[in-house]
Amino acid sequence: MTDANRPVAQVGHAPELLLFSEEVRRHGLMAGWEFQSVLPNEPIPVEQAFRWSWTETLRPMMVKAYDLVDPVKAERRNLILVNPAFQRAATTHTLIAAVQGVLPGEIAPAHRHTAGALRFMIEGRGSSTTVNGEPCFMDPASLILTPQWSWHDHANETDAPVIWLPGGDPAALSPARRESPALRRRHRSSGRAPGVRGPVAAARLSLGSYGERAP
Ligand SMILES: [Fe+2]
């Protein structure tokens, strides 16, 4: 990008200046007046504005998925909100959002990943997300946070389906973080996060030792 109003246009292209720029690069430096030329003057959005209707799209599609998708095999019964600008699993260039449904008696198996995540409860009352052994009960408008690399599972022990909006920031979505690959790990012995059944204090002890042994 060239912009006559930017300082780069004012420093000119004198041979000694260009030689100096090359010299500083050899020392692991960069002439700041060159870098300014690649910074845009205003944000350039890469996403498209888009609306997903809860009543016309999200909820009816999830109800269809209830019969078709086994959450144990799929790990999660979710539908990702795909921004039309990307045509891939991305809602914005840094975030991924979805709707996830859990039927009565189902457990979305325990796992953890390097992406941080949140869950915003939409429909249903009394299900729970267990984060590192701590059960977090979910009512409409509840917000549950699962920090990076924390074990979590989701259980619906109520008598009605529940739906929430999960969101995350997987490294793969952000160009600045692509060199740090997203990792995920599923708990091998059961569907529940370690420590979920015991009292909180016991769960903390269990998690402390599990963290050392986890494969
Ligand atoms: Fe997760």
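Preceding this section is the structure that the text describes.
Here the structure is a predicted model, which means the values were calculated and not measured. (Residues numbered from 1 in each chain as written. Predicted model: local features only at pLDDT ≥ 70, side-chain atom pairs only at ≥ 80, totals over all residues.)

## A short note on the pairing of strand S4 (residues 117-123)
Now for step 1: As paired elements, S4 and strand S7 (residues 143-146) share 4 bridges and run antiparallel to each other. The residue bridging Leu118 from the neighbouring strand is Leu145, located in S7.
Now for step 2: Relative to strand S9 (residues 162-168), S4 runs antiparallel, the two being bridged by 6 bridges. Directly across from Ala117, in S9, lies its bridge partner Gly168. (Pairing = 2+ DSSP bridges. Helix = DSSP H or I, 4+ residues; strand = E, 2+ residues; numbered from the N terminus.)

## Points about the nonpolar core
Now for step 1: Grouped together as the largest cluster of nonpolar side chains are 15 residues, with contacts concentrated most on Met138, Val162, Ile163 and Trp164.
Now for step 2: Only strand S2 (96-102), S4 and S9 provide two or more residues apiece to this core.
Now for step 3: Among the elements that take part in this core, S2 stands out by supplying 4 residues, more than any other.
Now for step 4: If we skip the residues at most four places from it in the chain, Trp164 touches Gln100, Arg119, Phe120, Met121, Ile122 and Met138. (Core = buried A, V, L, I, M, F, W, Y, C linked by C-beta atoms within 7 Å. Buried ≥ 20, exposed ≤ 12 C-beta atoms within 10 Å, placed from the backbone. Contact = placed C-beta atoms within 7 Å.)

## Quick notes on the sheet that holds S9
Now for step 1: Strand order in the open sheet made by the 5 strands is S1-S2-S9-S4-S7, with antiparallel pairing throughout. In this open sheet, the two edge strands, each paired with only one partner strand, are strand S1 (78-80) and S7. When strand polarity is set aside, the average angle formed by the axes of neighbouring strands in this sheet is 25°.
Now for step 2: On the sheet, helix H4 (residues 54-68) packs against S1, S2 and S9 and is oriented at approximately 50° with respect to S2. (Axes fitted to C-alpha atoms, helices over the stretch in contact; angles between N-to-C directions.)

## Here's the deal with unusual backbone geometry
Now for step 1: The phi torsion at Gln87 lies on the positive side, around 55°, for a residue other than glycine.
Now for step 2: Residue position: Gln87 is located in the loop between S1 and S2.
Now for step 3: Owing to 8 C-beta atoms within 10 Å, Gln87 belongs among the exposed residues under this scheme.
Now for step 4: With a phi close to 65°, Trp149 is a non-glycine residue in the positive phi region.
Now for step 5: Judged by the 15 C-beta atoms lying within 10 Å of it, Trp149 is partly exposed.

Read these as spatial facts, not as claims about activity.
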